[in-house]
Amino acid sequence: MWILFKERGRICGQFGAPTLSSLLFLSNFACDNKHMLIGLSDGSLYTISWKGEFCGAFFLDMLPNDGNDLNKLSNHYSNGTVASGGQMDDGPNHTNHVVSQTSGIVHLEFSITLRLLFVLFSDGDLIQCSVSKRGLKHAESVIVEKRFASGEAVCASVAPDQQILAVGTQKGAVELYDLADSASLIRSVSLHDWGYSVEDTGPVNCIAWTPDNSAFAVGWKLRGHTVWSVSGCRLMSTIRQIGLSSVSSPVVKPNQDFKYEPMMGGTSLMHWDEHGYRLYAMEEGSSERIIAFSFGKCCLNRGVSGTTYVRQVIYGEDRLLIVQSEDTDELKILHLNPPVSYILQNWPILHVAASKDGMYLAVAGLHGLILYDIRLKRWRVFGDVTQEQQIQCRGLLWLGKIVVVCNYVESSSTYELLFYPRYHLDQSSLLCRKPLLTNPMAMDVYQDYLLITYHPFDVHIYHVKITGELSPSSSPDLQLSTVRELSIMTAKSHPAAIHFIPDQLPHDDMSRSDTSSTHEPSKCLILRINGDLSLLDLDDGRERELTHSVELFWVTCGQLGEKTNLIEEVSWLDYGHRGMQVWYPSLGDDPFKQEDFLQLDPELEFDREVYPLGLLPNAGVVVGVSQRMSFSACTEFPCFEPSPQAQTILHCLLRHLLQRDKREEALRLAQLSAEKPHFSHCLEWLLFTVFDAEISRQYSSKNQSAVANNTPSLLKKSCELIRNFPEYYDVVVSVARKTDGRHWANLFSAAGRSTELFDECVQQRWYRTAACYILVIAKLEGPAVSQCCALNLLQATLNESLYELAGELVRFLLRSGREYEHSSTDSERDSPRLLGYFLFPSSFRKQSNDAKSPSSKEPSAHIASVKNILESHANYLMSGKELSELVAFVKGTQFDLVEYLQRERYGSARLEDFASGLEMIGQKLHMGTLQNRLDAEFLLANMCSVKFKEWIVVLATLLRRSEVLYDLFRHNLQLWQAYSRTIQAHETFAEYHDLLEELEGRLSLTAYAEDT
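Keep in mind that what you see is a predicted model, and the values were worked out from it rather than measured.

Participant: For the overall build of the chain, give the residues involved together with the corresponding values.
Facilitator: Tallying secondary structure elements over the chain gives 27 helices and 51 strands in all. For the chain, long-range pairs separated by at least 24 residues make up 53% of all intrachain contacts whose partners lie at least 6 apart in sequence. Just so you have it, the chain exposes about 47800 Å², and 49% of that area is on carbon and sulfur atoms.

And the structure:
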C-alpha cells in the first residue's frame, strides 16, 4: 500500500484514484495514520485513504480575502476530475468554485505532532497550513496560515521537537524559522563565510534533520553537503576548505585534487538512520551507489544521561572517543572499543555516562550494561547473559560509586530504576529496584538527591540513603524516600534537560567546614526542547525565564569541591547561536536576579566550526571538537577526523571577581592557573578588555562632569592582580601594542611609569620586552629619555650577545636620531604598530647604508654614540679573537667590518705571528662544524676586501682554500717559503702537509712555465 507508480504522467497502482489528465504529474505526498495527501503538478491536492478510497481534491485558496475569509479554502469531495480554473461537479447536488493555480506543487511536508502542513510550489512560494484534529480527510481542516518569502524556497524540512522549519533557497542558504513564534526568522546558514557562493554549490537541493532534531544536513544541487547544528555550528562538510587565493579556488575546476571529494556532483537525496549515527546520501545524477557518512554523538546533558567535567565522551554506533588532557596539557582523543562479544549482540551503543571523577564509563546498547575502568583499562560485564538481555536501558546516571539505570520492562511495558554498584554487575548485587510511573523525560543527581521528571511536567525528588559499605565483602542497602513532588501546569514545551542548582552559600570558613552534611537544593535549571532556559524554584513552583535559543548548558556551582577547581565562581554556562554565555552568582536577597546575574562575554564565542563538549574545570577551559579532513592514497574518499580544541575562560572569571572586589579570590584563582597553557594570553585578554571598556566609558562620559571616586578602578585592580606574576611586563606592553598611543597615558597611569617598567625589565634581563617599551617612553617621557634608554639597552644586549635584538635597536636609534635631528614630526613614530619593529626582523638591507655612507657633515652626537658602542664591542670581540660572535655581531647589527679592519689593521685586528695565529684561530673556529666554516668564509671574504694578508693566510689555511693561497704565494715567493717552513716546523700543523704538497706542486709548475 506504500507503493505509487508514476508512469507516463499518470498515477496508477493499488488505489482507486480517478482518471487524471495525462499532463498531471505526482510531485510529493504526505500522510497521517489514516489518509494520504498527494500534491500534483497543477497545484491541486488529492486525499486518498489507506484503504484506497478517493476522498476528494482541492486547491489551496491563497487569494487575499476580507475578514474571516482570509484562510478559507475552495475544495471538492467527489471522485470526479479536478477542473482547473473552473467548477467541480459532484452531480446535481454539489458544485464548488476552484481557485486557479499557475504553478504546481513540488513538495509537501506534514508534521503530525505540530498539526502543520507545508506546501511548496514550483514558483518558490511556501505556504504554511494548520491541520485540525480531524486529519487530512476533510479539506476544510486544512487552513492556510502564512505565506513565506515568495520565489526563493526550493525545499523545506520540519524539526517537530525543536519546532523549527528549515527552508532551502535558490541562493544556496538555509533559513530557520521558529514555528513557536509565528514562524519568525531565527537565522540563516550558508557557506558564504567559507568562501563559497551559490555559483559554486548551486541552490539547496535537500534538507534532512537528525532523529533527535539536534542537527540538520544540507545538500546542494551542484556540489557537496554540510551538517549544521541547530545553533549554526558547522559540524562537517564534504567541501574542502581551501584558501581563496590558492590555485584550487572554490570554483569547481576539473583538476585532479577534487577526485577525492565526495558528492562532487551535488547531492540529490539524504536520509539519517534510526539512531542518527549514519547519514546516507546519493550523488546528483548517479543512482549507482549510496554513500554512508558515520557520525558520533556527544555525551551531553540532554535527557537522562549524566555529565562529567573531567573527560568528554563522543560515542558512535560501535566505539567511544574520549577527549582528555595529557601531562603536556594537550588535548588528545582516545579511541575505545567495547568488547566484541557485547557489541555484536547489543549493537548499537545508545547511552553513555561518565562518573563524576571521570574514571568510569557506563555504556549501554540495545540490551544490558557494561562498565569501563579507565585507570585499569578493564571492562566489566554481566556474567549472566540472561540478566543482560532483561535490561533495555533508556538512560544512565552515576550516583557516586553507583550506576543508575532507567530500564524498560518489555513484558509489562513499565519503567524502573536499577541501582548497581560499580564493582559488580549481577542481580545478586542489585542495591535497589524502584518502579517508575512512566518513561522519565529527564533525570539528575546532586549528592544524595535524585530528580525525575515525567510528562507533561511532574517533578519527583528522592533522597538516597545507603547503609553499609559499598564493597564486595559487605552487604550494603539502599533506600529511596520521596522528599518532594511537584506538578507544574504550563503550555511551554517539555524539558530536554533539568539539573539541580545548589544554593549559593557564602564561602566562609564555617560553610566550608560543614561539608559532610547535605542540603536539598531548592532550585533547578531547565532547558526546554525549544531552547528556552529557565530557573525553577522547587519551593513555590515559580519558574523564571532566563534566556532562549540555548542548545547546551553546564552547571558548575557546587558540582566540584576540589581546591583546584577554577570555575567555582560560575553558576553555569550555556551555548547557543550567540556563542558562550557565562552566568555568575549575585549577592543579596535574590542571587539569581537576571540583571545582576547574566554576564555575556563575546570573546568566549567559539569558532563556528568548533562544537563545545564540556568543561575542564581544573584547566579553566571549555573543550570543543571540530572536523579535520585527511587524505590517503589507499582510499577513494577523505577521512573525517574529530580534532579537539580548547577555549579558556580564565580571563572572564578574573574580571568578574575583580568587578565584585574579590581580589584575594582572583589572585588565588590566577595562582592556580599560573602553570596552565596560555596563562599569559589570558592575562593579556583580561587587561585588554578592561582597558578597552575604560576607553569606551571615557568617550561616552567625556561631556559629563567628573564625579569624585576614591575606589580603585577596574583597570587599576587588574594591573595590581597581574603585577603578582612575571608576565606582567609582557602583558602591559602587549596591550599597548593593541591600542592607540593617545590612550597610553591612561594605561600606564594604572600600570606604572614606563621608565620604571623598562628598568625592571633590563634588571631582570628581559631585553626584548624592554625594547618594546622604547616607543612608549618616547611618547610619554620624550625623545631624549627614550634615546638614553635605547642606548643603555643596546649596550646590555651586546654584552649578552643578543645581536639580532641589538641590530633592531641600532636601526631604530639611527632612524629616530635622524628624525629628531631634523625635528621630524612623523606620526608613524608614535604608532603602536612600530612596537613590532623590535619583535620582528625587518628588511634592513636598504637601510643599512645609513651607518655606512659617510655624511657630508660630521655625524651628530647621537649617531656618534651608537657607533662608539658598536666599535667598542667590535674591539672587545676582535681582541679576544671571538670570531664566531664577531660574525654574528656584524650580521645582526650590519656593522661595517671592512671600514673597521682598515682602521684597526695594526690595532686590535693585528696578529702577532702566523704560527700562534693559526693555532689560536683554529681553536676558536672548529672547522668540523658547518656554521664555523661559514663564519670563516665570511671573514675571509672581508679580509680579502681589505687585502689583510696575515688573516687571509690563516683563514685560507684553515679552510684549505688552496686557490686563495696559490694566488697569494705565486707573486710573493718569500712569503711562501716562510709559510712552508712554519708549517713543517710545527708538529701541530702536520694535518696541513697535504695542502703544502699541493701548493708546492702548483707553484713548481708555475715557475717551470715561466722559465720556459
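Participant: Now, about the pattern of salt bridges: what can you tell me, with residues and values included?
Facilitator: This model, assessed by the stated rule, comprises 31 salt bridges. The partner of E694 in a salt bridge is R697, and the shortest N-O contact between them spans 2.8 Å. Placement of both E694 and R697 in helix 8 (residues 679–700) is noted, with a separation of three residues, approximately one turn of the helix. Ionic contacts of the salt-bridge type, sharing partners, join the residues K492, R528, E543 and E545 into one network.

Participant: Talk me through the pairing of strand 37 (residues 442–446); I want residue IDs and the actual numbers.
Facilitator: Where burial is concerned, most of strand 37 is hidden: five out of the five residues are buried. Burial along strand 37 is two-sided: A442, D444 and Y446 and M443 and V445, pointing in opposite directions, are all buried. With five bridges joining them, strand 37 and strand 38 (residues 449–454) adopt antiparallel strand pairing. Within the sheet, the bridge partner assigned to M443 lies in strand 38 and is I452.

Participant: Explain the state of the cysteines residue by residue, including any values.
Facilitator: Applying the stated rule across the entire model yields zero disulfides. Residue C682 stays outside any disulfide, its sulfur separated by 8.9 Å from that of C652, the closest cysteine.

Participant: Describe in detail the packing of helix 9 (residues 714–722) against helix 11 (residues 744–751), supporting the description with residues and values.
Facilitator: Packing of helix 9 against helix 11 brings their axes to within 8 Å, and their N-to-C directions diverge by 55 degrees. Here helix 9 is positioned oblique relative to helix 11, judged by the angle of their axes. The handedness of the crossing between helix 9 and helix 11 is right-handed. Along the contact surface, helix 9 presents L715, K716 and C719, while helix 11 presents N746, L747, S749, A750 and A751. A breakdown of the residues in the contact of helix 9 with helix 11 according to their chemical character gives five nonpolar, two polar and one charged.

Participant: Explain the nonpolar core to me, using residue names and the numbers behind them.
Facilitator: Ranked by size, the top nonpolar core spans 127 residues in total, and within it Y773, F889 and Y979 carry the most contacts. When residues of this core are assigned to their parent elements, the largest contribution, nine residues, is made by helix 8. By size, the runner-up hydrophobic cluster in this structure holds 35 residues, among which are I343, I349, F382 and C393.

Participant: Give me the lowdown on the sheet that holds strand 16 (residues 174–178), citing residues and values where you can.
Facilitator: Strands sit in the order 14-15-16-17 across an open sheet of four strands; the sheet is antiparallel. The two strands at the open ends of the sheet, each matched to only one other strand, are strand 14 (153–159) and strand 17 (184–189). Ignoring strand direction, the axes of neighbouring strands in this sheet form an average angle of 25 degrees. Here strand 16 runs beside strand 17; their pairing, made up of five bridges, is antiparallel. From the neighbouring strand, E175 faces strand 17, where its bridge partner is S188.

Participant: Before we move on, could you go through the environment of F969 and cite the residues and values that matter?
Facilitator: If you trace the backbone, F969 turns up in helix 25 (residues 962–969). The class for F969 is buried, based on a relative accessible area of 0%. The sequence separation of F969 and L999 amounts to 30 residues, and the corresponding C-alpha distance is 8.9 Å. If we ignore the near neighbours within four places in the chain, the residues touching F969 are V953, L975, W976, Y979, L999 and L1003.

Participant: Residue-level account of the confidence of the model for the chain, with values.
Facilitator: Mean pLDDT over the chain: 81, with 79% of residues reaching 70 or higher. In this model residues 823–856 is a low-confidence stretch, pLDDT under 50, and it forms 60 contacts with partners more than four residues away in sequence or in other chains.

Participant: Could you give me a rundown of helix 26 (residues 973–985), with the residues and numbers involved?
Facilitator: The terminal C-alpha atoms of helix 26 lie 18 Å apart, and with 13 residues this matches the ideal 18 Å at 1.5 Å per residue to within 8%. Here helix 26 has its buried residues at W976, Y979, S980 and I983. Axial view of helix 26: buried residues confined to an arc of 100 degrees, hence all on one face. The outward face of helix 26, more than 90 degrees from its buried face, is lined by the exposed residues Q974, R981 and A985.

Participant: How would you explain the packing of aromatic side chains if you had to name every residue and give the values?
Facilitator: Under the defined criterion, the tally for this structure stands at 27 aromatic pairs. When the ring of F969 is compared with that of Y979, the centres are 4.9 Å apart and the planes differ by 40 degrees; the resulting orientation is tilted. Residue F969 is found in helix 25, and its partner Y979 is found in helix 26; the two are separated by 10 residues along the sequence. When its relative accessible area of 4% is taken as the criterion, Y979 is described as buried.

Participant: Can you break down the sheet that holds strand 25 (residues 297–298) residue by residue, with the values?
Facilitator: Taken in spatial order, the four strands make up an open sheet running 25-26-27-28, and their pairing is antiparallel. Two strands in the sheet have a free side with no partner beyond their single neighbour: strand 25 and strand 28 (331–336). Pairing of strand 27 (residues 320–325) with strand 28, which is carried by six bridges, proceeds in the antiparallel orientation. From the neighbouring strand, S325 faces strand 28, where its bridge partner is L331.

Participant: Explain the environment of S643 to me, using residue names and the numbers behind them.
Facilitator: Tracing the chain through its elements places S643 in strand 51 (residues 639–648). Judged by relative accessible area, S643 falls into the buried class, the value being 7%. C-alpha of S643 to C-alpha of V323: the two residues are 320 residues apart in sequence and 9.4 Å apart in space. With near-sequence residues (within four places) excluded, S643 lies in contact with G624, V625, S626 and R628.

Participant: An account of the packing of helix 10 (residues 728–737) against helix 12 (residues 754–763) is requested, with residue identities and associated values reported.
Facilitator: Interhelical geometry of helix 10 versus helix 12 gives an angle of 135 degrees and a closest axis separation of 11 Å. With respect to their mutual orientation, helix 10 and helix 12 come out oblique. The handedness of the crossing between helix 10 and helix 12 is left-handed. For the pair formed by helix 10 and helix 12, the contact residues are Y728, Y729 and V732 on the first element and L757, E760 and C761 on the second. Partitioning the contact of helix 10 with helix 12 into residue classes produces five nonpolar, no polar and one charged.

Participant: Could you give an account of the environment of F637, naming the residues involved and the relevant values?
Facilitator: You can see F637 is positioned in the loop between strand 50 (621–630) and strand 51. For F637, a relative accessible area of 24% puts it in the partly exposed group. Linking F637 and T238, residues 399 residues apart in sequence, is a C-alpha distance of 9.7 Å.

Participant: Could you give an account of unusual backbone geometry, with specific residues and numbers?
Facilitator: For the bond from W347 to P348, the omega torsion is 0 degrees, close enough to zero to count as cis. Structurally, the position occupied by P348 is in the loop between helix 2 (340–346) and strand 29 (351–354). Positive phi, close to 55 degrees, is recorded for S549, a residue that is not glycine. Structurally, S549 can be placed in the loop between strand 44 (543–547) and strand 45 (550–555).

Participant: So what's going on with the side chain of T238? Which residues, and what values?
Facilitator: Relative to the assigned elements, T238 resides in the loop between strand 21 (234–237) and strand 22 (267–272). Exposure remark for T238: the relative accessible area of 0% places this residue in the buried category. Within the structure, the side chain of T238 is placed 3.0 Å from the backbone nitrogen of H225, a separation counted as a polar contact. Ignoring any residue separated from it by four or fewer positions in sequence, one finds T238 in contact with G224, H225, E261, P262, M263, F293, M629 and F640.

Reading guide: rules and limits
- Residues numbered from 1 in each chain as written.
- Predicted model: local features only at pLDDT ≥ 70, side-chain atom pairs only at ≥ 80, totals over all residues.
- Heavy atoms only, no water.
- Helix = DSSP H or I, 4+ residues; strand = E, 2+ residues; numbered from the N terminus.
- Contact = heavy atoms within 4.5 Å.
- Areas by Shrake-Rupley, 256 points an atom, 1.4 Å probe, with all protein chains shown as cover.
- Salt bridge = Lys/Arg side-chain N within 4 Å of Asp/Glu carboxyl O.
- Buried < 20%, exposed > 50% of the residue type's maximum accessible area, 1.4 Å probe, protein only.
- Pairing = 2+ DSSP bridges.
- Disulfide = S-S within 2.5 Å.
- Axes fitted to C-alpha atoms, helices over the stretch in contact; angles between N-to-C directions.
- Parallel < 35°, antiparallel > 145°, perpendicular 65-115°, else oblique.
- Left-handed = near helix turned anticlockwise from the far one by under 90°.
- Nonpolar A, V, L, I, M, F, W, Y, C, P; charged D, E, K, R; others polar.
- Core = buried A, V, L, I, M, F, W, Y, C linked by side-chain atoms within 4.5 Å.
- pLDDT = per-residue confidence, 0-100.
- Expected span 1.5 Å × (residues − 1).
- Arc of directions from axis to C-beta.
- Phe/Tyr/Trp six-rings, centres within 6.5 Å; stacked < 30°, edge-to-face > 60°.
- Polar contact = N/O pair within 3.5 Å; in protein donor to acceptor, adjacent residues only side chain to side chain.

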